[in-house]
Amino acid sequence: MLTFKRLTASVSTLVVGLTTAFVGTTADAAFPETDPAPQTPMTSSMTPAPELDDRVIFQGFSLYQPYESNTYQRLGDHADQLKEWGVTDVWLPPGYRSFGMARYMEGYAIADRYDLGEFPKGLNNERATKYGTSDELKALMDDLHGAGLRGQMDLVPNQMMGLEGQEAVRVSRVDHHGNRFQNQYTTHEPSDIQDEVYLAYTKGGGPGQEKYGRIKEFNKNHFNGSSLQQLGMGDVLKDADGKPYRVKQASGNNPPQWWDQSLGINDVEGYLSARGAFELTAGNWKPTILKADPGFTDFALDRANRETCPYTRAAQLEEPGDNAIWACRDAYLSTQDAYGSRSEEPTFANDESGIDWDDQMLFDTHGPLDQSFGNEFLVGNDFKNTDPEVQAEQRHWMKWLLETYKLDGFRIDAAAHYDTDILAIEDEVTSQHFGGDRSKYTSYLEAYYDDQNGYLDSRGNRQLAMDGDLFYNMQGTLGRRDHPAWLRESFEGRHSAVDRINPGQPARPNWSFVNNHDQEKNRVNLAMMKRLGMTPNHQWGDAVPRSFEEEYTKELERAALNDYNADLKKVDKTLSPVNVPSMYAILLTNAGTVPTVFYGDMYTTNASYMSEKTPYHDTIAALLKARKQFAKGNQRVELFQTPGTVAEGQQVVASVREGDSRGTGLATVVANVPTVDTHVRVNMGREHANQKYRDVTGNHSQQYVTDGQGFLTVPVKGKKTAQVHGSLGVWAPVNSDESIAVHGAIRAKWGSLGGATGVMGRATGIEACFLRDGGCFQAFEHGRIYWSPATGAHFVRGDIDRRWGQQGWETGFLGYPTTDEICRHGYCVQEFQGGTITWRPDGRRGLIIKGAILGEWNRIGGVDGVMGPAQIEEQCWLRDGGCFQRFDRGHIYWQRHTGAHFVRGEIFKEWGRLGWEAGRMGYPTGPEACVLKDGGCFQSYEGGLIYWTMGTGAHPVIGKIGEHYASTGWERGRFGYPVEAERCTVGTKGLECTQRFQGGVIRWSHARGIH
């Protein structure tokens, strides 16, 4: 996290130019020769906070990604692309194992907080989660760090879902604050569910929790309550007097008369569930409701249910060995409100979020509630986060995540819904992990509540506030197709973290966004409800209420996603907001915030990961690059009044970044209605006088030049397209890179590569000469050029550069590059002082070859030679400190006493059959030699030799038989090549061995020796 200090009013003052727009010109028309003099702006300006301005978060996931388990790998493959765009931080998905019935699988329905793809609990019992394996997550973090990026895990300390064990708890029906529930949408009466027994799923945590957690298994004492678990209030079976059955207790039992107490019965802490079973007779288990609920028998014998319940007589239900009764039982339960969610008094609000906030059960074991700055209950089993044992577990979990996955902080989910002590613990744990250096990590809250500010102030604003108000303001001013709010409200903020219009307001360290997984989900839910003819938050009156949760299906969701994706491409949108690029233009050129780009705005949310671009992708990418290159210096907001409006900034606003040099700065000019037709005169500053500007969004093809005072006059002509409902132009200087010089040996290398239009592209940073051994480097658009007195100048880029960076660049064991990247036949190789890095196009990225293995690889021809390119890096866990590395056409093995030698083909397979280096043959002691008669080959090992020919295959020759074979002239002697391996038996006279050769058999025994 960065070092954030409470900003004072002097840091966040603003200049607001109330400049009158000029009316009647079009984009291609000539501007008047003389313009009216601009109004004198108010003299205040916003000074950006560099620790915020230089940062961009990429939210790397959506809820609707298909379960392909490739997110981590593909995100790592795109690390360099993200870096090029100017992204600095990646918001990683909550990759904790979900429970199997979760709608989105891995996301926020967490069943095991410590299983991020380590245990075989995924689809088809595989390790991978929806996003990949735990090892792939670690590799992703290495990729991000190698590209100079940071990754923050989505931390979810609020809830658990899908626990496997049930416990008996006494519950009361409450709202999301924990108060007695009163349904606003149906009866408007207080709930009758008060202090009732409920067999809740509260026990468990998964194999990860058991292995790594401080608490090995959660139970009801760790939770305040739960969302409705859809068990039904009739799930706890009762006698005719309404008293729950109770069995197997020391006292207070109430066993059913129909159960023989000498036989078995399922119970949860003595209570009987409608979903349980009992022994009718010894070994004959039946559903408990067979005797507890007479309605089940009627259902089972009803002809209408014959497909599921194949019974014609009641006696058949009691027959041993009948398995159809269990499906019949489940079908019956699904028809009875008493055994389902409707008896739990659901709200039936059908909120667009998919969460009916007031659908909660309060446990009698709960702790203090609403110790947060929002409300207590959200979804799932609500952790008792005021409890010291739970707090200790949360601290332990956070520390484990940071250490295990090398995370760079957390995005903290649902921060308004639990004790602020948990937020303070995250602050403490993360700070301690990074030694108090807040430049090394980032923590940011998710909280749509202004009450977060009091907590943040009390902690010195060390975690970023979420600027939710800016999101809602932009939805109102730009996202509406009709009757938008005044555009200036997207800059006023009012309750936002930063007010960019009214001078003198404090700027709170914050992060901001245009869209995220929750908002996208809300829109898709609305698309589903539209198909169902359902309206959110409907008052049902006397009508039978409908439930979105009950009517949801995967098929419905897929259809709604198709509707939503199609809507993004439409001019007249009905499911998604208009002007998404305009919102990003504002967000990404704002000062005083860390903007966030959402995956689903750049890539189709339910397509294979990063495989299909949205209509907004290219514009957002251009805006990201513009922020990185041009969004520098103070921010000034200029408000323009157009004909027919009553105030400045109602329809047209310009946000100006003044720049920190002539080559930086920009103006974002936005209108929120398609009927506008004018031009505006924007003050870029005197230092930008007579400078040419272009629109980086591509909405305007013509370039414009500022006048002698630095004023830029540009068109604002409204239009209606799939991207813009109004007008958008982001105006940046042309040829802004001309001020970055390239000198000396680095310039010579850059020139040999084609200069600004060649391999490296334009310079993006000045030459830096603070490296080891007097070295220098300079950054370019597509890589870097390094120089040292010993090695000269060489370029590095892409995956090879990233892998080099993971080893410490020139300060690591690889040292400086000694060659450029050399690419042939689809493979690339680059040599360094301490080794070689190879690259291949199949996703394995940069792979290091070093030491004696590198020497052997080079001896036999390198990437074009015997072995070909590397498939993995050196592995050094073999016997006696040995190492090996796998290549396309074989392996190279090394051990201190035997040296490095390649092994391949049939000889390698035979060696492997014999146990590789751990077997009798030991390590290879020489290379494969193919100079024998009839095209034969052999290779020597510590324990003998392996021979191969096309006709005989590969076989070892060892020990006394091997010695005798050698004495006869090896394969040139009378025995020829071996045709099988030595066979040995232990008889009455000790060990006896034989081996067949082309020319005969050699025998040896302890008793007789060779014979």
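Residues numbered from 1 in each chain as written. Predicted model: local features only at pLDDT ≥ 70, side-chain atom pairs only at ≥ 80, totals over all residues. Heavy atoms only, no water.

By the naming in an unreviewed UniProt entry, the chain goes by dextransucrase and is assigned to Propioniferax innocua. Entered under Catalytic activity (unreviewed entry) in the UniProt record, the comment concerning the chain runs "[(1->6)-alpha-D-glucosyl](n) + sucrose = [(1->6)-alpha-D-glucosyl](n+1) + D-fructose". As its UniProt record puts it under Sequence similarities (unreviewed entry), the chain is described as follows: "Belongs to the glycosyl hydrolase 70 family." (UniProt positions renumbered as here; feature names shortened; annotations may be inferred.)

### Concerning the state of the cysteines
This model, assessed by the stated rule, comprises 6 disulfides. Through a disulfide, Cys984 is tied to Cys993; the S-S separation comes to 2.1 Å. Because the torsion about its S-S bond is 110°, the bridge between Cys984 and Cys993 counts as right-handed. A relative accessible area of 38% means that Cys984 is categorised as partly exposed. (Disulfide = S-S within 2.5 Å. Buried < 20%, exposed > 50% of the residue type's maximum accessible area, 1.4 Å probe, protein only.)

### A closer look at the sheet that holds strand S46 (residues 1009-1010)
Ordered in space as S43-S44-S45-S46, the 4 strands form an open sheet in which the pairing is antiparallel. In this open sheet, the two edge strands, each paired with only one partner strand, are strand S43 (983-987) and S46. Two strands pair when backbone bridges link them, and strand S45 (residues 1000-1005) and S46 are joined in this way by 2 bridges, in the antiparallel orientation. Counterpart to Ser1005 in the pairing with S46 is Gly1009. (Pairing = 2+ DSSP bridges. Helix = DSSP H or I, 4+ residues; strand = E, 2+ residues; numbered from the N terminus.)

### A look at the environment of Gly295
Along the chain, Gly295 falls in helix H7 (residues 294-301). Put simply, Gly295 and Gln336 are 41 residues apart on the chain and 9.7 Å apart in space, counted from C-alpha to C-alpha.

### A short note on unusual backbone geometry
Backbone geometry places Asp195, a non-glycine residue, at a positive phi of 55°. Mapped onto the elements of the fold, Asp195 is located in the loop between strand S9 (165-174) and strand S10 (196-203). Residue classification places Asp195 among the partly exposed residues on the basis of a relative accessible area of 44%. Within the chain, Asn350 stands out as a residue other than glycine whose phi angle is a positive 55°. Within the fold, Asn350 resides in the loop between helix H8 (324-335) and strand S14 (360-363). Given a relative accessible area of 3%, Asn350 falls into the buried group.

### Concerning the side chain of Asp112
Mapping Asp112 onto the fold places it in strand S6 (residues 110-112). Of the side chains with opposite charge, Arg97 comes closest to the buried, unpaired Asp112, at an N-O distance of 6.6 Å. Engagement of the side chain of Asp112 in a polar contact is seen with the backbone nitrogen of Asp115, the distance being 3.4 Å. Here the side chain of Asp112 touches Gln209 through a polar contact of 3.1 Å, landing on its backbone nitrogen. Beyond its immediate stretch of four places on either side in the chain, Asp112 contacts Tyr96, Arg97, Met160, Gly205, Gly206, Pro207, Gly208 and Gln209. (Lys, Arg positive; Asp, Glu negative; His and termini not counted. Salt bridge = Lys/Arg side-chain N within 4 Å of Asp/Glu carboxyl O. Polar contact = N/O pair within 3.5 Å; in protein donor to acceptor, adjacent residues only side chain to side chain. Contact = heavy atoms within 4.5 Å.)

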